[in-house]
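Examining the three-dimensional arrangement
Here is how the chains run, residue by residue.
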Amino acid sequence: MKSNFVGSNWYMKKIVSPIQLVMACCIFLQWSCQSTHSDDDFTAYFGGEVEHPTSNKVFFCKDNEVIDTLYLDCQNRFFLKFDSLVPGLYSFKHEPEYQYVYFDKNDSLMVHINTVNFDNSIVFCGRGDQKNNFLMDMYLRNERDKNSMFEVFDQPITPFINTIEKSFKANKLFYEKKKKEINWSDSFDNIAKASFEYQYYTKKELYPIIHEKRTGHSVQNQLPSSFYRFRNQLNCNDESLTSYSPYVMYLTHMLNNLGDIPLKKNLSEADLALKTSINKMRIADTLIKNQKVRAMLMENVAFTYLLEDQNMGNNQSFFETYKKYVTDKASENDILDLGSAIQKMKPGLPLPDILLFDREGQKVHSSDVLNSKTVIFFWSTKSYSHMIAAHKKIMALRQRHPAYQFIAINLDRSHGEFIQELAKYKFESIPEYRCADFEDIHIKWAITKVHRTMVIDDHQLIKNAFTNLFEVDFEKNLE
């Protein structure tokens, strides 16, 4: 795909505020989009401004692959002309954050980004802005909804259903209103519906699992017969959605439910995890006909298995089965690299050293911090409900287990935002650090998600590197 970087000479000499920038960009785009386009002309434009940039570039991606790198100029602005851009869903990344952007034929879009509050700051303008602002509005609605869901999963079945139905109906009304106002294309409508429908479906798939983990009570056999009826109308082979997180998350959780195997008396938990994961791959291979969707699900199954079950002998059996189902070499290599990292996190081995930032922004080695029995937990501002719940759980655990120190590690890349969040809450009694290099912690500690807890003994040896604060029997790790 050919692209041309356009200089900054078209920008106003001085922009006082982000709002003025957006207005100026809109004027430019309205002018630039007045020209007519032939049927075979797929020219498109994408540009904008980044406040408080964390690097000098913005990546433009399709299906999680970088297709263009947009460098910021001296005023932290970027602009790109695509001689040909196929309509569809794309994403842009200013590390470590990313968001989606949808292009119809000949769209010309500008975006304002502020890294201090990335998602909430994003505003689009230009040709195609309304549908993209709709996606951002729906994303933020979903995020607010997620932050209120933690206790909802504790509810009995009927109150739970009533709660999520209310949220779903509100989102559907918002979608219908915007669809009528904007009159978007059928292709975009597929994305628009996915933006709220799959989060609703995901809640249903998660409910019996999270409810049992949090309350200790199973509701699987009490669910009404209509609870999963929506599955009959879903398209599990929609290649256009394979890089769209609401769709990916839903299929992953659906597969978790379909592939679940009840615990048998003659089966250890490690063997059950292996059989369950292999069962998920078999179901995905049978259920999913689209090769791209199937490969994506297989990789998710592998990541989940390798991060939750650490029977090293079973891991080898898993790799052998995984290779039978997966033909994509890049995916296979990613999984093998993760497996190698996990091998170094076995109980009894020393915890690899990584660099951290303390509250003052000074670098410290993790080996200098772990001077007694330690519980390490992780959090991110992107998972607000987990951040609050995890800290509350840790403060309660400290009272019952005084022999342990409890350390929090933030996985975000903005130190200012890290400090800003800590200032809002009374977590001063918990030592707080921020990861200095996410790639380093990913490689050395196999960290890929925030819901992870590690228990270390007083000799800096690993006791359990793959546990979760919210498991019913978590405290057995501290005995």
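Heads up: the structure comes first, above all this text.
Parameters and conventions
Every chain is numbered on its own, with residues counted from 1 as its sequence reads. Local features in this predicted model are restricted to residues of pLDDT 70 or higher, and side-chain atom pairs are both shown and tallied only at a pLDDT of 80 or more, whereas totals for entire chains, interfaces and linings draw on every residue. The basis for every side-chain value is the complete set of heavy atoms in the structure, and neither hydrogens nor water enter the calculation. Numbered from the N terminus, helices here are DSSP runs of H or I no shorter than four residues, and strands are runs of E no shorter than two. Whether a residue is buried, partly exposed or exposed follows from its accessible area with a 1.4 Å probe, protein chains only, as a fraction of its type maximum: under 20%, in between, or over 50%, in that order. Here a residue-residue contact requires only that any non-hydrogen atoms of the pair lie within 4.5 Å. Working definition of accessibility: Shrake-Rupley area with a 1.4 Å probe, residue cover restricted to the visible protein chains. Two aromatic rings from Phe, Tyr or Trp, using only the six-membered ring of Trp, form a pair when their centres are within 6.5 Å; if the ring planes differ by under 30 degrees the pair is stacked, by over 60 it is edge-to-face, and anything between is tilted. Put simply, a charge is over a ring when the Lys NZ or the Arg CZ is close to the ring centre, within 6 Å, and near the line of the ring normal, within 35 degrees. The convention used is that axes are lines fitted to C-alpha atoms, helices contributing only their stretch in contact, and that angles between N-to-C directions extend from 0 to 180 degrees. Roughly parallel means an angle under 35 degrees; roughly antiparallel means over 145; roughly perpendicular covers 65 to 115; every other angle is labelled oblique. Only Asp, Glu, Lys and Arg are considered charged, only Ala, Val, Leu, Ile, Met, Phe, Trp, Tyr, Cys and Pro nonpolar, and every remaining residue, Gly among them, polar. Note on pairing: two strands pair once DSSP finds at least 2 bridges between them. In the sections that follow, a salt bridge refers to a side-chain nitrogen of Lys or Arg positioned within 4 Å of a carboxyl oxygen of Asp or Glu.

**Points about the overall build of the protein chain**
Counting its regular elements, the protein chain contains 14 helices and 16 strands. Here the protein chain, with 479 residues, has 50% of them falling under the buried criterion. Of all intrachain contacts in the protein chain linking residues separated by at least 6 positions in sequence, the fraction that spans at least 24 positions is 68%. When the accessible area of the protein chain is evaluated, it comes to approximately 23,400 Å², of which 50% is carbon and sulfur surface.

**A word on the packing of aromatic side chains**
Under the definition given, this model contains 39 aromatic pairs. Here the aromatic rings of Trp184 and Phe188 are separated by 5.0 Å at their centres, their planes lie at 70 degrees, and the arrangement is edge-to-face. Phe188 matches Trp184 in its accessibility class, with the two residues each being buried. Its end group placed over the ring of Tyr90, Lys62 keeps NZ or CZ at 4.7 Å from the ring centre. Taking NZ or CZ as reference, Arg141 lies 4.4 Å from the ring centre of Phe174, over its face.

**Some words on the packing of helix H3 (residues 129-147) against helix H5 (residues 186-215)**
H5 packs onto H3 with a crossing angle of 5 degrees between their chain directions and a minimal axis gap of 10 Å. When the axes of H3 and H5 are compared, the pair comes out roughly parallel. Taking contact as the criterion, the partners of Lys131, Phe134, Leu135, Met138, Asn142, Asp145 and Lys146 in H3 are, on H5, Phe188, Ile191, Ala192, Ser195, Phe196, Gln199 and Lys203. For the contact of H3 with H5, the residue count by class is 7 nonpolar, 3 polar and 4 charged.

**Quick word on the sheet that holds strand E4 (residues 65-71)**
The antiparallel open sheet is built from 4 strands, whose spatial order is E4-E3-E6-E7. In the strand order of this sheet, the two ends are held by E4 and strand E7 (97-103), each with one partner. Across the sheet, the mean angle from the axis of one strand to that of its neighbour is 25 degrees, orientation sign disregarded.

**Observations concerning unusual backbone geometry**
Phi at Asp63 takes a positive value of approximately 55 degrees, unusual for a residue other than glycine. Along the chain, the position of Asp63 falls in the loop between strand E3 (57-62) and E4. Although it is not a glycine, Asn76 sits at a positive phi angle of roughly 60 degrees. Among the structural elements, Asn76 can be located in the loop between E4 and strand E5 (77-82).

**Focus: the environment of Val58**
For Val58, the position within the fold is in strand E3. In this structure Val58 comes out as buried when scored by relative accessible area, which is 1%. Measuring from C-alpha to C-alpha, the distance between Val58 and Thr69 comes to 6.0 Å, with 11 residues separating the pair along the chain. Not counting residues up to four positions away in its chain, the partners in contact with Val58 are Val50, Asp68, Thr69, Leu70, Leu72, Phe78, Phe92, Lys93 and His94.

**A short note on the pattern of salt bridges**
Applying the stated criterion to the full structure yields 15 salt bridges. A salt bridge links Lys131 to Asp104, with the nearest nitrogen and oxygen atoms 3.3 Å apart. Within this pair, whereas Lys131 is found in helix H3, its partner Asp104 is found in the loop between E7 and strand E8 (108-114), the two being separated by 27 residues in sequence. Since its relative accessible area comes to 7%, Lys131 is described here as buried. Taking relative accessible area as the criterion, Asp104 reaches 18% and is therefore assigned buried. Salt-bridge contacts for Lys178 lead to Glu181; the nearest nitrogen and oxygen are separated by 3.6 Å. With a gap of 3 residues between them, Lys178 and Glu181 both fall in helix H4 (residues 157-182), about one helical turn apart. Through salt bridges with shared partners, a single ionic network connects Asp104, Asp107 and Lys131.

**Description of the environment of Glu197**
As for its placement among the helices and strands, Glu197 is situated in helix H5. Between the C-alpha atom of Glu197 and that of Asn171, which follows or precedes it by 26 residues, the distance is 8.7 Å.

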